[in-house]
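# Results of the structural survey
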Amino acid sequence: MPAPADHTPAAPGAPAGAPASPLTALAPGPVDPAAPWGMQIAVHYDKVHPARRVDVAEAAARAVVALLADPRAAEGGPWHEAVAHWRSGRIRKLVRRARGRRWEEVGALPGVTIAQDGPTGWAQARARALVPGPVRPLPPALAKTQVQGTHFPHGDRLPPPPAAVTAAVERGAASDGAAPAPPIELGAESASAGALVTVEVTPLETMTSGKLCAQVAHAAQLAWQSPLMPDGLRRAWARDGYRVRTAFPDRDQWEAAHRPVSVVDAGFTELDGPAETTRAFW
């Protein structure tokens, strides 16, 4: 498993001790020396054919771990210095939504994409984790995507308009003899049965879909990095595509459990931190 190592000399305009990032090399202008580092995660967003939030969060978590485990992030690889530098500090993650041409443009940036199927009737969840770097400036393709207010349907009810499946159901209900509505499986639970790693989400906080993606990804990353995870299990997890099962315990279950990985959010964005948001076990 890759571990943080010595860094290459800083790029012009970068903070002292910071290496150059392959992502920053595609951005206009010099690096902002005051900019913190972060990993950008783009999630595919389509209001007409939406994915469920739990599937998107799991795809984001898998993309992060797949990037960290990628040979390009290993010592001697082109991503190693940037990944190691980021891992040695706060593992900040920023989740952005993209669709259409914006999604295609983000796909050309250095990173790893994971696509994950959801239940019947829901779109495939897609997430791309990008090589870490300073949070500003960003490549134009990424700067044009949106961070705030990312919401995906939970899945326990029909998605809101203009979702195509909802429109079809409403047409069928309003018209006798209409074609049957397309099937859709309702439910907010994870579809990742048999996953080797489980991520639990706190019932004590309310998070947007983007925040949920980041917190589930934090837990998956810390599980992959944990010295408590047996090497054989880590290899089996890799063969399984780093699938995770996201669980939503109730308050009593959450307060009674103790897990090997715990994520505490500092409270810089949505939450009044510090607040424990996710846990992981295997």
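Structure's up top.
So, here's what we can say about the structure. What you see is a predicted model, and the numbers here were worked out from it, not measured in a lab.

Let us look at the sheet that holds strand β7 (residues 244–247). The strand order β7-β6-β9-β8 describes an open sheet built from four strands, whose pairing is mixed. Across the chains shown, the open sheet's two edge strands, defined by having one partner strand only, are β7 and β8 (261–265). Direction aside, the axes of adjacent strands within the sheet are offset by 20° on average. For strand β6 (residues 197–201) and β7, the ladder comprises four bridges, and the chain directions are parallel. Looking at the pairing, V199 lines up with T246 of β7. Together, β6, β7, β8 and β9 (275–281) form the strand contacts of helix α6 (residues 209–225), whose direction differs from that of β8 by roughly 140°.

Before going further, it helps to spend a moment on the packing of aromatic side chains. Any two aromatic rings considered together are summarised by their centre-to-centre distance and by the angle between their planes. By the definition in use, this model includes two aromatic pairs. Judged by centre distance (5.2 Å) and plane angle (85°), the rings of Y45 and F152 are edge-to-face. Here F152 lies in the loop between α4 (140–143) and α5 (164–174) and Y45 lies in the loop between β1 (37–44) and α1 (53–69), a separation of 107 residues in the sequence. Judged by its relative accessible area of 6%, F152 falls in the buried class. Where W237 meets Y242, the ring centres are 5.3 Å apart and the plane angle is 80°; that geometry is what we call edge-to-face. Using a relative accessible area of 0% as the deciding quantity, one classes W237 as buried. Over the ring of Y45 we find R97; its NZ or CZ atom is 5.5 Å from the centre of that ring. Taking the ring centre of F281 as reference, the NZ or CZ of R259 above it sits at 3.9 Å.

A general trend in soluble globular proteins is that nonpolar side chains are found buried together. Core analysis: the largest hydrophobic core is formed by 54 residues, its most contacted members being M39, I41, V43, L67, L68 and W237. The set of elements that each furnish at least two residues to this core consists of β1, α1, α2 (80–87), β3 (111–116), β4 (125–130), β6, α6 and β8. If sequence neighbours within four positions are ignored, I41 has contacts with A60, V64, K93, L94, V95, R96, R128, A129 and A217. By size, the runner-up hydrophobic cluster in this structure holds nine residues, among which are W103, V106, L109 and L142.

Attention now goes to the side chain of Q221. Its place among the elements puts Q221 in helix α6. You can call Q221 buried: its relative accessible area is 0%.

A word on the pattern of salt bridges. Under the definition given, this model contains 11 salt bridges. The partner of K211 in a salt bridge is D265, and the shortest N-O contact between them spans 2.9 Å. In this pair, K211 is assigned in helix α6 and D265 in strand β8, connecting sequence segments 54 residues apart. Between R279 and E276 there is a salt bridge, and its shortest N-O distance comes to 2.9 Å. Judged by relative accessible area, E276 falls into the partly exposed class, the value being 26%. Because the salt bridges share partners, they merge into one network encompassing R101, R102 and E105.

So, how was this worked out
- Residues numbered from 1 in each chain as written.
- Predicted model: local features only at pLDDT ≥ 70, side-chain atom pairs only at ≥ 80, totals over all residues.
- Heavy atoms only, no water.
- Pairing = 2+ DSSP bridges.
- Helix = DSSP H or I, 4+ residues; strand = E, 2+ residues; numbered from the N terminus.
- Axes fitted to C-alpha atoms, helices over the stretch in contact; angles between N-to-C directions.
- Contact = heavy atoms within 4.5 Å.
- Phe/Tyr/Trp six-rings, centres within 6.5 Å; stacked < 30°, edge-to-face > 60°.
- Buried < 20%, exposed > 50% of the residue type's maximum accessible area, 1.4 Å probe, protein only.
- Lys NZ or Arg CZ within 6 Å of the ring centre and 35° of its normal.
- Core = buried A, V, L, I, M, F, W, Y, C linked by side-chain atoms within 4.5 Å.
- Salt bridge = Lys/Arg side-chain N within 4 Å of Asp/Glu carboxyl O.

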